[in-house]
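Here is how the chains run, residue by residue.
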Amino acid sequence: MSRDPETIMRSQMVRDLIGTGRRRDDRSLGQMRPLVVETDVIAQADGSARVRLGGTELVVGAKLMPSSPYPDHPDEGVMHTGIRLSPLASPSFDRDMDAEATEIARVVDRGIRHSGMIDMKHLCISPGERVWGLYLDIHVLDHDGNLFDASTLGIVLSLRGLAFPNSRFGMGEDRPVPLGEMPVTLTFAKVAGELILDPTAEEEGVSDGRITMTIDPRGWVRAVQLGGCGHFTLEEVKRAHQLARSSAEVVRGSLR
Amino acid sequence: MMMRAQDDDITHDRSSGGLVLPGDRVGCVGPLRTGNGVMADEGDLIATQMGILIRSDRSVHVIPMKGRYLPGKGDFLIGIVKDHTPSRWFFDISTPQGARLHTSDTPWTVDFGRTGEYMNVGDVAYLMVKEVDDIGRVDLTMKGPGLRKLSSGQVMAIMPSLVPRVIGRNGSLIAAVKRGTGCRIFMGKNGWIWVDGEAAGIETVRRVLDAVVERPHVGGVSERVLEILGEDGGA
Amino acid sequence: MATRGAEQGRTDGRSDDEIRPVRLHAGVLNNAHGSAYIEWGKNKIMVGVYGPRRPSRQEPLRSDRALVRCTYNMAPFSVSDRKRPGRDRRSLEISKVLSEALTNAVLVERFPRTVIDVNVEVLEADAGTRCAALTAASVALADAGLQMRGLVSACAVGVVDGRIVLDPSRDEDNFGDGDMPVGILPSSGEIVLLQMDGALGPDQFGEALDLGVEACRRIHVLQRDALFVRYGQERASRIEKPHFSGYGDMDTIIMDDEADPPVWGEEAIR
């Protein structure tokens, strides 16, 4: 383990570096950090995964519980996505993080929901009476930026092993939940006029805005969120879309 | 006598840089002076911090493996400007809350609203902690010998607990590094070190810090440092 | 040590004085100042420590010492039926007793007007989470470089069919007659955590307490090993790859219940 004296970069230096096309961790501007994943880590969950994206680490647990359908969608299951920004994950989480947590959970939820990875009709047990409630809970353990992309990855991986826990509820044998294609979420930070993929916490801290896109396997956009008190030009947004489409293929390929 | 002999055995074993954990017995209360990380507990000396036990003929202390910097009045440190108001600068000093410097605590006469002309975001300064108030707010001063704004250069960070190790006895080690590399160096108690000079010199300083950080407990830190200075100086 | 109750057996095949397998890592998180991850049976718990620091919220701070603020939280997916996120009465009580136990271990008077945050995240729960959490939390505090009187080690004792058993499993906890978590400062022998519910006979109480304290000393060996392994001075008896893997090149310590655990105070003097 190396314990080199660390160079303190001032925010201007981080920006200047990115302006010359380089990053502190020697990545190119459009490169993701190393990804380490592990599935079926929580025996109590019906599907689970642990994701480490660079210095960001989280655990996702998916649980299925019998529930009631919404009256307007009697034959569809219900899905809930939640995230805990545990104070152990960052010194900056020592305060009310509800707004941040809610935004991440909702953006990630939209991407999963609209990608059709889970057909809500498959979660129906008895139309109008009983359906499966799918609870996706994200637990952040270490925060070094880009929780959006890591969260979607964690959910997608936890869903891959998801099974209906029929036996637990006296409904016969467990069986796998049919899955559609997986979406990929990609977040770019705008720093010094450049779009950088998969920003670290330091890069997020100096950024002039953030754009998050969830892309399905056909290249369709399934969720978008602009954030981080910044603005983007029309060209920048279009470029982010192009970059997201090509990067999504890379990520999807690496997870196969 | 028997007890003493046994104690001396550990002394021998552990003064070569053994890891101790909080609660470990490291000797008996006696003639030894206790330093950082050691306390007396009913006749025994116990370690109170995880780190490397250092015993000499006269004293026993622990070099912590980890530790946080908590600002104390009179500490000299390196700060980086992160914001300014018409009459104050706010500094990052490696603590979560940061610290502030009022224009009246500088050697300059700064007109209201013109703080940014003297120091702006990203600028580095060598400062002293003037006061820490009840709720932990830190006030800095730049009035005092050696305190100043530092132009160019770069800031390196090491564990605050290792700063005395880099400075050496009576400043001998850091003086040798300055001589050997021709670099200007300011050491902050917060573990931040400002270095400026030729690129090769800065690289040597980095190697020196590396050597101290990597094996702070192994004896002969000065020898290793002098070796590095010798190698790089000759090149 | 005599193996008691082997003829009756326990649901998971352990002897009465056997602790479930324990794996413990120190220093596993980047951001936290100190951290530890423990797997104890099927319990999976992460602990991260921040501090001493000045809190960003307004807090009633003590002018003479640091405030040790433990927050015990269970992940929604940590138990069989999804747990509603957020605080409840059980987690508040556990947070309080853990904070108090750890306050005994930390030299709080060295850090006046500061807060030491101990965040406990239970990722999977399988009986005995508070003992596992306390054990991991004190390793995380040591890992943070805090000044302490010693580590805190903990283990529960249970009563099943009138027999005293160590470290009750979930079944034994649910259907047993009693549960008594015990936590000690092994360096001084002081008891800093003690709770009990159920029924313990007049003769059993002392016996259960003795067994619990002895178990804590076994746990203490694992805590030491975890820190020694992490900081490059390995003295673990047996090393194995973790199940919940991937903490860099870290290896995990497996509790070796067969081997006689060395008594640390004595070994240190030898």
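Residues numbered from 1 in each chain as written. Chains lettered and ligands numbered in written order. Predicted model: local features only at pLDDT ≥ 70, side-chain atom pairs only at ≥ 80, totals over all residues. Heavy atoms only, no water.

1. Here's the deal with the interface of chain A and chain C
Interfaces are often sized by the amount of accessible area the parts lose when they come together.
Here is step 1: Counting residues at the interface gives 35 residues for chain A and 37 residues for chain C.
Here is step 2: Across the chain A/chain C interface, buried area totals approximately 3,000 Å², and carbon plus sulfur atoms make up 50% of it.
Here is step 3: Counting the surface chain A buries against chain C, the share from its top three residues, Gln44, Leu88 and Asp94 of chain A, is 23%.
Here is step 4: Taken together, the links from chain A to chain C amount to four salt bridges. (Contact = heavy atoms within 4.5 Å. Buried area = accessible area lost by both parts, 1.4 Å probe. Salt bridge = Lys/Arg side-chain N within 4 Å of Asp/Glu carboxyl O.)

2. Notes on the confidence of the model for chain A
Here is step 1: Across chain A, pLDDT averages 92, with 98% of residues at or above 70.
Here is step 2: Ranking the helices and strands of chain A by mean pLDDT puts strand β7 (residues 130-142) of chain A first, with 97, and strand β1 (residues 6-8) of chain A last, with 77. (pLDDT = per-residue confidence, 0-100. Helix = DSSP H or I, 4+ residues; strand = E, 2+ residues; numbered from the N terminus.)

3. Re the sheet that holds strand β2 (residues 34-40) of chain C
All names here are of chain C.
Here is step 1: Overall, mixed pairing links the five strands, which are arranged β1-β2-β3-β5-β4 in an open sheet. Edge positions in the sheet fall to β1 (22-26) and β4 (67-74), since each of these pairs with one other strand and no more. Averaged over all pairs of adjacent strands, the angle between their axes in this sheet comes to 15°, without regard to strand direction.
Here is step 2: Those strands touched by helix α1 (residues 89-105) are β4 and β5 (115-124), and its axis lies near 145° from that of β4.
Here is step 3: Strands in contact with helix α4 (residues 202-230) are β1 and β2; relative to β1, the strand with the most contacts, it is inclined by about 40°. (Pairing = 2+ DSSP bridges. Axes fitted to C-alpha atoms, helices over the stretch in contact; angles between N-to-C directions.)

4. With respect to the side chain of serine 67 of chain A
Here is step 1: Looking at the secondary structure, you find serine 67 of chain A in strand β4 (residues 56-67).
Here is step 2: Not counting the four nearest positions on each side in its chain, serine 67 of chain A is found in contact with Val78, Glu129, Arg130, Val131, Trp132 and Gly133 of chain A.

5. A word on the pairing of β1 of chain C
All names here are of chain C.
Here is step 1: Among the five residues in β1, four count as buried, and that is most of the element.
Here is step 2: Here β1 pairs with β2 via five bridges, running antiparallel. Bridging across to β2, alanine 26 finds its partner in alanine 36. (Buried < 20%, exposed > 50% of the residue type's maximum accessible area, 1.4 Å probe, protein only.)

6. Quick notes on the sheet that holds strand β5 (residues 44-47) of chain B
Residue and element names in this part refer to chain B.
Here is step 1: Read from one edge to the other, the open sheet built from three strands follows the order β2-β5-β4, with strand pairing classed as antiparallel. Each end of this open sheet is capped by a strand with a single partner; those strands are β2 (25-28) and β4 (38-41). Direction aside, the axes of adjacent strands within the sheet are offset by 30° on average.
Here is step 2: Summarising the sheet, β4 and β5 pair through four bridges and their orientation is antiparallel. The residue of β5 that forms the bridge with methionine 39 is isoleucine 46.

7. Notes on unusual backbone geometry
Here is step 1: The residue after glycine 51 of chain C, namely proline 52 of chain C, is reached through a cis peptide bond having omega 0°.
Here is step 2: Turning to its location among the elements, proline 52 of chain C is positioned in strand β3 (residues 43-53).
Here is step 3: Phi at aspartate 198 of chain A is positive, roughly 50°, even though this residue is not glycine.
Here is step 4: Inspection of the secondary structure assignment puts aspartate 198 of chain A in the loop between β11 (194-197) and α4 (201-205).

8. Comments concerning the packing of aromatic side chains
Here is step 1: Taken as a whole, this structure holds seven aromatic pairs over all chains when the rule is applied.
Here is step 2: Taken together, the aromatic side chains of Phe76, Tyr126, Phe186 and Trp194 of chain B make up a single cluster linked through ring pairs.
Here is step 3: Above the ring of phenylalanine 232 of chain A, the side-chain terminus of lysine 190 of chain A is found at 5.4 Å from the ring centroid.
Here is step 4: Seen from the ring of tyrosine 231 of chain C, arginine 230 of chain C lies directly overhead, with NZ or CZ sitting 5.2 Å from the centre. (Phe/Tyr/Trp six-rings, centres within 6.5 Å; stacked < 30°, edge-to-face > 60°. Lys NZ or Arg CZ within 6 Å of the ring centre and 35° of its normal.)

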